[in-house]
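# Examining the three-dimensional arrangement
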Amino acid sequence: MCLLCLPPSVAPSSPWSARRAFLLAAGASAAAPVLAQVDVGSASSLRKLVPAETLENSAAQQYQQMLQQAKAQRALAPAGHPQLQRLHAIAKRLIPHAAPWNDRARQWRWEVNLIGSSQVNAFCMPGGKIAFYTGILDQLKLTDDEAAMVMGHEMAHALREHARERIAKTQGTNLALRLGSQLLGLGDLGNAAASLGGQLLTVQFSRADESDADLVGLELAARAGYQPSAAVSLWQKMGNATGSKQGGLAFLSTHPSGPARIRELEQNVPKVQGLYEAARRGG
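Described below are features of the structure shown in this document. (Residues numbered from 1 in each chain as written. Predicted model: local features only at pLDDT ≥ 70, side-chain atom pairs only at ≥ 80, totals over all residues. Heavy atoms only, no water.)

To continue, consider the pairing of strand β3 (residues 129-133). Consecutive side chains of a regular strand alternate in pointing toward one face of the sheet and then the other. The buried fraction of β3 amounts to five of the five residues, a majority that puts the element mostly inside the structure. Of the two faces of β3, the one lined by K129, A131 and Y133 and the one lined by I130 and F132 are each fully buried. By the bridge criterion, five bridges tie strand β1 (residues 111-115) to β3 in an arrangement that is parallel. The residue of β3 that forms the bridge with N113 is A131. With four bridges connecting them, strand β2 (residues 122-125) and β3 associate as antiparallel partners. The residue of β3 that forms the bridge with A122 is F132. (Buried < 20%, exposed > 50% of the residue type's maximum accessible area, 1.4 Å probe, protein only. Helix = DSSP H or I, 4+ residues; strand = E, 2+ residues; numbered from the N terminus. Pairing = 2+ DSSP bridges.)

Here β2 shows no split at all, with A122 and C124 on one side and F123 and M125 on the other all buried. Hairpin geometry of β2 and β3 is characterised by an intervening segment of three residues between the two adjacent antiparallel strands and by a positive phi of about 95 degrees at G127.

Let us now look at unusual backbone geometry. Generally, phi is negative for residues other than glycine and the peptide bonds are trans, each holding for most cases. Phi at K141 is positive, roughly 50 degrees, even though this residue is not glycine. Along the chain, K141 falls in the loop between α4 (134-140) and α5 (144-159). Judged by its relative accessible area of 63%, K141 is exposed. Although it is not a glycine, E161 sits at a positive phi angle of roughly 55 degrees. Among the structural elements, E161 can be located in the loop between α5 and α6 (162-184). Judged by relative accessible area, E161 falls into the buried class, the value being 10%.

Glancing now at the nonpolar core. By size, the foremost hydrophobic cluster in this structure holds 53 residues, and its most contacted members are L94, W110, F132, M151 and M155. Top contributing element to this core by residue count: α5, with nine residues. L67, L76, A131 and Y133 belong to the second largest nonpolar core, which has 12 residues in total. (Core = buried A, V, L, I, M, F, W, Y, C linked by side-chain atoms within 4.5 Å.)

Strand order in the open sheet formed by three strands is β1-β3-β2, with mixed pairing between adjacent strands. The open sheet has two edge strands with one neighbour each: β1 and β2. Averaged over neighbouring strand pairs, the angle between their axes works out to 15 degrees when direction is ignored. Sitting on the sheet, helix α2 (residues 52-72) touches β1, β2 and β3, and the angle it makes with β1 is about 35 degrees. The strands touched by helix α3 (residues 82-94) are β1 and β3; relative to β1, the strand with the most contacts, the crossing angle is about 150 degrees. (Axes fitted to C-alpha atoms, helices over the stretch in contact; angles between N-to-C directions. Contact = heavy atoms within 4.5 Å.)

Counted under the stated rule, the structure contains nine salt bridges. Taking the shortest distance from any N to any O, the salt bridge between K129 and E111 comes out at 2.9 Å. Here K129, found in strand β3, pairs with E111, found in strand β1; they are 18 residues apart in sequence, far enough to count as distant. Looking at E111, the relative accessible area reads 5%, which means it is buried. (Salt bridge = Lys/Arg side-chain N within 4 Å of Asp/Glu carboxyl O.)

Right, let's talk about the side chain of D209 for a bit. Following the sequence through the fold, D209 ends up in helix α7 (residues 187-223). When sequence neighbours within four positions are dropped, the list of residues in contact with D209 reads H157, H162, E165 and R166.

Another point: the environment of L218. Inspection of the secondary structure assignment puts L218 in helix α7. On the accessibility criterion, L218 (0% relative accessible area) is buried. When residues no more than four places from it in sequence are discounted, the contact partners of L218 are M149, P228, A231, L265, N268, V269 and V272.

Moving on: α2. Compared with the 30 Å implied by 1.5 Å per residue over 21 residues, the 30 Å span of α2 between its first and last C-alpha is a close match. Taken together, the buried positions of α2 are A52, L55, E56, A59, Y63, M66, L67 and A70. End-on view of α2: buried residues confined to an arc of 110 degrees, all on one side of the axis. Facing away from the buried side of α2 by over 90 degrees, the exposed positions are E53, T54, Q61, Q69 and A72. Phi for R74, located one or two positions after α2, is positive at around 60 degrees. (Expected span 1.5 Å × (residues − 1). Arc of directions from axis to C-beta.)

Listed below in structure tokens is the structure:
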């Protein structure tokens, strides 16, 4: 099993980084750091309906089960795997910049693993449990900067507690609709509507979450010294690899349409360019 468990307090690598980390920590709030260069607004207060610790513990258990299954299938990369070592190096640069976005991240036991699969995918579960599939690295031929954008994006989902928020919204919406259908005597028809309503709301929230994670991940990577323009080239590669399968109905997709996503990133790259340049000077 290959684990990357970083200590909760990872020291910045330079005097400039130390000053920057101090300023960020001092100005941080539960929703977003005061000195953030991207504008993603405040995290939904509904997420508080789901206990963070409970969700993180559940995620840790599921993550370990996944690793055990991958190991049994001989799909879990060993510690010396060059691609895994590459991911570890990227994570070590990104993680010190995580806490200003979520103070709980200081206590997370971060892990990064690589699983042999043709899937073009990666994720970060609540509590900092990261996994990459070899497919996303190999098929897209990601540079280090592009891989950092993927990792930053996935870390942002965990830091902004999108899973926690979605669970709270889905449970709350379904409960309210079920109660409404019972009161109105709609029976099975009401239950079907409740199910559909919950799905549509989840899709919409997920679309917003993806945009949120794009921007937070962009800033994380820039602060870690990764080229911001790689966020644009990443999604250009993704579009070329997968093609357009959304038919223009971006609002009904779990992700924004490719062109819209790229435009938003292009608009935000200049906002974090200074962070990248300062990180490179201080590196």
